[in-house]
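# Residue-level structure breakdown
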Amino acid sequence: MKTGIIGLGLIGGSMAIDLKRRGFADEVYGVEAEPVNAAAAEKIGLVDKVLSFEDCVDQSDLIVLAVPVGAAVKLLPKVLDRFALTEAAGKVVIDVCSTKEHLSRCVKYHPCRKMYVASHPMAGTEYSGPWAAMPGLFDGHACIICDPEESDNRAVRIVEDLYKTLNMRTIYMNSSNHDVHTAYVSHISHVTSFALALTVLDKERDEKHIFDLASGGFSSTVRLAKSSPDMWTPILSQNRDNILHVMDTYIEKMNDFRKAIADCDEEAVRGLIEEANKIRRIIR
């Protein structure tokens, strides 16, 4: 298996490491638009070769789009166009983006649609670039495969084997449901982290005080605010409607807390906290 990874940041680079080390890929090729990142990826051994987009697609059996979703929407049709142009039977392309509905729509009627498998490995950190890549990033996490009925059965099996190699458990759902769920469990977490960071930066002008007084709780809550704007701007744009709905609900809950605190209603505050504590049943 020759695997081409377009985008050699945290996700693409980490995939490259484990797919090669664990025997899924005999060779791993990379495409990276940023010259400094491309040179770093080759120097630290993330990939065997850095190639042009066209050469990577032509020489790879499996292509992974590990770029921000705004770029993936443009690149996915180009990959499928090249499949059609070169009559590349048996090749497969996947993406690893955090939104799916817009991506799926952009190639819905493409003649090579069945060679595309929409996937989302639910793993990552707040860091980016080839230097952030690490072995074992995906171990034990969930991976979502979307709209498997729209893809060739063989293509789906190859992608299932890929994520099995990465030690991930696979979940299946349609693109629309995926985007709703990720808005609740991922995207709102980033929005609230960005907002909290802005709040603290706006009010606490003395950076030394932030550093000295920030406890583990604050650090873990605001950690996601270090995430890349290049990645998260298109996510929040493409999943806008779902995220706005979640934000409205979040604001309602914030207002419930605000009213209880403003009224010095300790019983109401306690009730809200106890209700929130039920999350222990799900997350330990």
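The coordinates are above.
Residues numbered from 1 in each chain as written. Predicted model: local features only at pLDDT ≥ 70, side-chain atom pairs only at ≥ 80, totals over all residues. Heavy atoms only, no water.

### Considerations on the overall build of the protein chain
In terms of helices and strands, the protein chain carries 12 helices and eight strands. If one aligns the C-alpha atoms of the protein chain with their principal axes, the spans along those axes are about 70 × 40 × 30 Å. Across the 284 residues of the protein chain, 44% fall into the buried class. Within the protein chain, residue pairs in contact and separated by at least 24 positions form 75% of the contacts whose partners lie at least 6 positions apart. Carbon and sulfur atoms form 55% of the exposed surface of the protein chain, whose accessible area is close to 15,500 Å². The positive charge centre, built from 33 side chains, and the negative charge centre, built from 40, are 2 Å apart in the protein chain. (Helix = DSSP H or I, 4+ residues; strand = E, 2+ residues; numbered from the N terminus. Buried < 20%, exposed > 50% of the residue type's maximum accessible area, 1.4 Å probe, protein only. Contact = heavy atoms within 4.5 Å. Areas by Shrake-Rupley, 256 points an atom, 1.4 Å probe, with all protein chains shown as cover. Lys, Arg positive; Asp, Glu negative; His and termini not counted. Charge placed at Lys NZ, Arg CZ, Asp CG, Glu CD.)

### Considering the environment of Y116
Mapped onto the elements, Y116 comes out in strand 6 (residues 116-121). On the basis of relative accessibility, which here comes to 0%, the residue Y116 falls in the buried class. Taking the C-alpha atoms as reference points, Y116 and L62, 54 residues apart in sequence, are found 9.9 Å from one another. When residues no more than four places from it in sequence are discounted, the contact partners of Y116 are L76, L80, V93, I94, D95, K100, L103, V107 and S151. Among the polar contacts listed, one links the side chain of Y116 to the side chain of D95, at a separation of 2.7 Å. (Polar contact = N/O pair within 3.5 Å; in protein donor to acceptor, adjacent residues only side chain to side chain.)

### What about the packing of aromatic side chains?
Applying the stated criterion to the full structure yields zero aromatic pairs. The ring of Y109 has K108 sitting right over it, with the charged end atom 5.8 Å from the ring centre. (Phe/Tyr/Trp six-rings, centres within 6.5 Å; stacked < 30°, edge-to-face > 60°. Lys NZ or Arg CZ within 6 Å of the ring centre and 35° of its normal.)

### Considerations on the sheet that holds strand 5 (residues 92-95)
What holds strands together in a sheet is hydrogen bonding between their backbones, with the strands either parallel or antiparallel. Spatially, the eight strands line up as an open sheet ordered 3-2-1-4-5-6-7-8, and their pairing is mixed. Single-partner strands in this sheet number two, and they are strand 3 (49-50) and strand 8 (169-173). Pairing of strand 4 (residues 62-65) with strand 5 involves four bridges; the strand directions are parallel. Bridged to V64 within strand 5 is I94. Where helix 6 (residues 153-165) meets the sheet, it contacts strand 4, strand 5, strand 6, strand 7 (142-146) and strand 8, and its direction lies at approximately 55 degrees from that of strand 5. (Pairing = 2+ DSSP bridges. Axes fitted to C-alpha atoms, helices over the stretch in contact; angles between N-to-C directions.)

### A few points about the nonpolar core
In this structure, M15, I94, L162 and Y163 are the most contacted members of the largest nonpolar core, which totals 36 residues. Residue contacts for L162: discarding those within four places in its chain leaves M15, L19, F24, L62 and I94. In terms of nonpolar packing, the next biggest core, distinct from the first, is built from 32 residues, V69, Y116, I144 and C146 among them. (Core = buried A, V, L, I, M, F, W, Y, C linked by side-chain atoms within 4.5 Å.)

### Considering unusual backbone geometry
Even without glycine at this site, D147 takes up a positive phi of about 50 degrees. Examined against the element boundaries, D147 turns out to sit in the loop between strand 7 and helix 6. D147 gets classed as buried once you look at its relative accessible area, which sits at 10%. Despite not being glycine, C264 shows a phi value in the positive range, around 55 degrees. Note on C264: relative accessible area 67%, which makes it exposed.

### A word on helix 1 (residues 10-21)
Along its 12 residues, helix 1 runs 17 Å from first to last C-alpha, staying within 8% of the 16 Å computed at 1.5 Å per residue. The buried fraction of helix 1 is high, at 10 of 12 residues. If you check which residues of helix 1 are buried, you get L10, I11, G12, G13, S14, M15, A16, I17, D18 and L19. Elements in contact with the buried residues of helix 1: strand 1 (2-6), strand 2 (27-31), strand 4, strand 6 and helix 6. (Expected span 1.5 Å × (residues − 1).)

### Considering the side chain of S14
If you trace the backbone, S14 turns up in helix 1. Its relative accessible area of 0% is what places S14 among the buried residues. Once residues within four sequence positions are removed from consideration, S14 is found in contact with G9, A133, M134, L137 and F138.

### Topic: the pairing of strand 4
Consecutive side chains along a regular strand alternate between the two faces of the sheet. Judged by which residues are buried, strand 4 turns out to be covered on both faces: L62 and V64 on one side and I63 and L65 on the other are all buried. Pairing between strand 1 and strand 4: four bridges, direction parallel. Counted as the bridge partner of G4 is I63 from strand 4. In the classification by handedness, the crossover that spans strand 4, the intervening helix 4 (residues 69-85) and the parallel strand 5 is right-handed. (Right-handed = clockwise from strand over helix to strand, strands pointing away.)

Worth remembering: the numbers are spatial, not functional.
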